[in-house]
Each structure stands twice: as C-alpha cells, then as structure tokens.
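# Structural description and commentary
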Amino acid sequence: MNRNLKKIWNVCSLLIVITVVLLALLLFAGRFIGLDPYTVLSGSMEPQYRTGSLLYVRKPDLSSLAAGDVITFKMGSDIIVTHRISEILPDENDPSAFYCITKGDANPTPDANPVHSSSIIGEAVFALPKLGFLASYIQNPPGRYVCIAVGAFLALLMLIPDLLSISNGGKRRQDGKHCKRDLKVSQ
C-alpha cells in the first residue's frame, strides 16, 4: 500500500473508531455516574423530550421533588413513563410517602392514576435527540449482532495495512519503507 493511501486509510479508520467510541460513551457511560438511559417512545412530553430521544434519569431525593419536575416512573408492572409533576399529595396511610399527579406536556389532561412515590424511578436530567432509536436497536438481537460485526470490522480495518504489507512480500528497510525481498536463484 503506498504511503499516501496508508495515511488516508489510517486517518479514516481512526475517525471511525473515534465516532464509535463517542457513541458508546453517550449510550453507556452515564451509568458510571448514576444516570440511567431511557428511550422516549411517545410524544407526550414534546417539545421538551421528542420521540426517539435518549433520556438520562438520576435517582432523586424524593423530599426535594416539586410540581414542575419531570419524573420517570413505573406504571403497572412493565410500563415506564416520563411525565411532569403537576401536584403532590400526601399519602394518608404513610406519612413518609406521597402521590404525584402527573401530566405529559403535550397531553390535554392529567394522567388518570396518581403515581405513588415508591413507583418513581428517577428525575429527568437531559436528553439527546434521536439516540434513543439507536439505543433501542442495539439492545435487541439484530442490533446486538450488528454491533459485534461493526467491532470485528473495525479491528480488521486497523489491521489491513499491516496485512497488505505482509502479503506483498515486503519487508521494512531501516528507513521504515517497504522493499521487495531479494529472490535467490539456485542453479
């Protein structure tokens, strides 16, 4: 591989690796600082949190929650929702607990059922538009296989220049350039 082509190859492969690493950091690194990512699946919180956004949520200090805060909570056993608190009501059976009346910003009416404080997962911190689609995709088998294939491709991409120089029968001269091996002819 000629020298200029190899430089271009190295720059392109480095840019691809940097892009993949940055995406991985955006998708997974938040967990190391206490942020859990969730994908926004509906438009109930638009325009603040658009469908397909990757929403980062942190565990809240429940005593500091107030009307206007955006929370993520469990609705039933398997549905996770992010809506804004419109009102906080005390739990008459447990003085340390409370209920939140919630409403999606784009919804005309509040949610039908109040949210008990024990169902609150976290408080929304920030969102990255469109990355939720990618996060959802790679969490399922087809996307997971694509990620593995991309990783293998990147490893191969980094090795190709060296593999080509070996297959060309070249060896390095002392100045670092390749030269053809001397062939000895026997008579």
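We now examine the pairing of strand S7 (residues 120–128). Taken together, the 5 bridges between strand S2 (residues 54–58) and S7 define a ladder with antiparallel strand orientation. Bridging across to S7, Arg58 finds its partner in Glu123.

Spatial ordering of the open sheet is given by S1-S2-S7-S3-S4-S5-S6, a layout of 7 strands whose pairing is antiparallel. Looking at the sheet topology across the chains shown, the edges are occupied by strand S1 (35–39) and strand S6 (115–116). Contacts from helix H2 (residues 131–138) reach S1, S2 and S7, with the element oriented near 90 degrees to S1.

Tracing the chain through its elements places Gly104 in the loop between strand S5 (98–103) and S6. Excluding its chain neighbours within four sequence positions, the residues that come into contact with Gly104 are Ser44, Met45, His83 and Asp111.

Attention shifts here to the environment of Gly76. When you line up the elements, Gly76 lands in the loop between strand S3 (70–75) and strand S4 (79–90). Sequence separation between Gly76 and Ser119 is 43 residues, and the spatial gap between their C-alpha atoms is 8.9 Å.

Applying the stated criterion across every chain, the model contains 3 salt bridges. With its nearest N and O atoms 3.7 Å apart, the salt bridge here joins Arg50 to Glu46. Exposure remark for Arg50: the relative accessible area of 46% places this residue in the partly exposed category. Relative accessible area serves as the criterion here: at 26%, Glu46 is assigned to the partly exposed category. Notably, a salt bridge pairs Glu123 with Arg58, separated by 3.8 Å at the nearest N-O pair. Linking Glu123 in strand S7 with Arg58 in strand S2, this pair joins segments that are 65 residues apart in sequence.

What counts, and where the lines are drawn
- Residues numbered from 1 in each chain as written.
- Predicted model: local features only at pLDDT ≥ 70, side-chain atom pairs only at ≥ 80, totals over all residues.
- Heavy atoms only, no water.
- Pairing = 2+ DSSP bridges.
- Helix = DSSP H or I, 4+ residues; strand = E, 2+ residues; numbered from the N terminus.
- Contact = heavy atoms within 4.5 Å.
- Axes fitted to C-alpha atoms, helices over the stretch in contact; angles between N-to-C directions.
- Salt bridge = Lys/Arg side-chain N within 4 Å of Asp/Glu carboxyl O.
- Buried < 20%, exposed > 50% of the residue type's maximum accessible area, 1.4 Å probe, protein only.

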